[in-house]
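Here's the letter readout for the chains.
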Amino acid sequence: MSNSHCIHCQHIVKGTCRICPMCGGSMKQEIENENRQCPRCKEPLVVFQFNHYQLDKCTSCEGLWLEPDKFKVLTSEFDVYRDEKSEPNFLRKPTPKAEGYLPCACCDKLMSRKNFKAISGVIIDSCISCGIWLDKGELIQIRSFIASGGLDRSQDRQLDKHSQQIQALDDRLSDVELMEKMLNKFSLKRIFFRGF
């Protein structure tokens, strides 16, 4: 069974846990199996240097394995804008054909698939506790999406979606208020006992 330890207070929990029960800080899972395999080729992953970070790379398909904290840093606006090699001309590629779910490189559980920031067109495979698998060229494509202002467009899209939901809720509340007024004005007691 794997352990999780708190980054802040160093508390250790047996099992996987994302939030420390002692201080509420982020937990990091201790990986028992350091020998990671490519989810696609089943080849052992080798260490690869990318922007001062050591990542795991498959020599066959050239996919990358990133731990959650490294993925968070490498896909942050601060790191992307600071990098002179970032390409701000993002061209969205067609969404790849649907395929089966890949096993995690660490724990061998099936990973979930999602479109990075919902509008990038880059489908990433992620294990909630272990990390992210990116196919060949997807890290560069994500960084190009960020350099072209993609995170701002994604946030604008989310704000539009939330404002539409708020407007729909407001319309429903207006309907409920109107119904309450009608029921209070034309109560059944008033109608039935009006003549007495």
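Residues numbered from 1 in each chain as written. Predicted model: local features only at pLDDT ≥ 70, side-chain atom pairs only at ≥ 80, totals over all residues. Heavy atoms only, no water.

**Regarding the overall build of the protein**
Consideration 1: What the protein contains, in helices and strands, is 5 helices and 9 strands.
Consideration 2: Shown N-terminal to C-terminal, the secondary structure of the protein runs as helices and strands in the order β-β-β-β-β-β-α-α-β-β-β-α-α-α.
Consideration 3: By the compact-globule yardstick of 16 Å for 196 residues, the protein is too spread out, its C-alpha radius of gyration being 25 Å.
Consideration 4: Counting only residues that meet the buried cut, the protein has 33% of its 196 residues in that class.
Consideration 5: Within the protein, contacts between residues separated by at least 24 positions form 47% of all contacts whose residues are at least 6 apart in sequence.
Consideration 6: Approximately 13,600 Å² of the protein is accessible, and the part contributed by carbon and sulfur atoms is 55%.
Consideration 7: Separation of charge centres in the protein, based on 29 positive and 26 negative side chains, amounts to 6 Å. (Helix = DSSP H or I, 4+ residues; strand = E, 2+ residues; numbered from the N terminus. Rg over C-alpha atoms; globule rule 2.2 N^0.38 Å. Buried < 20%, exposed > 50% of the residue type's maximum accessible area, 1.4 Å probe, protein only. Contact = heavy atoms within 4.5 Å. Areas by Shrake-Rupley, 256 points an atom, 1.4 Å probe, with all protein chains shown as cover. Lys, Arg positive; Asp, Glu negative; His and termini not counted. Charge placed at Lys NZ, Arg CZ, Asp CG, Glu CD.)

**Digging into the pattern of salt bridges**
Consideration 1: For the structure on display, the rule yields 10 salt bridges.
Consideration 2: The closest approach of N and O atoms between Glu-99 and Arg-113, which form a salt bridge, is 3.4 Å. One end of the pair, Glu-99, is in the loop between helix H2 (77–82) and strand S7 (112–115); the other, Arg-113, is in strand S7, and 14 residues separate them in sequence.
Consideration 3: For Arg-113, a relative accessible area of 23% corresponds to the partly exposed category.
Consideration 4: Linking Asp-125 and Arg-113 is a salt bridge whose minimum nitrogen-to-oxygen distance equals 3.1 Å. Here Arg-113 lies in strand S7 and Asp-125 lies in strand S8 (residues 123–127), a separation of 12 residues in the sequence. (Salt bridge = Lys/Arg side-chain N within 4 Å of Asp/Glu carboxyl O.)

These figures capture arrangement, not role.
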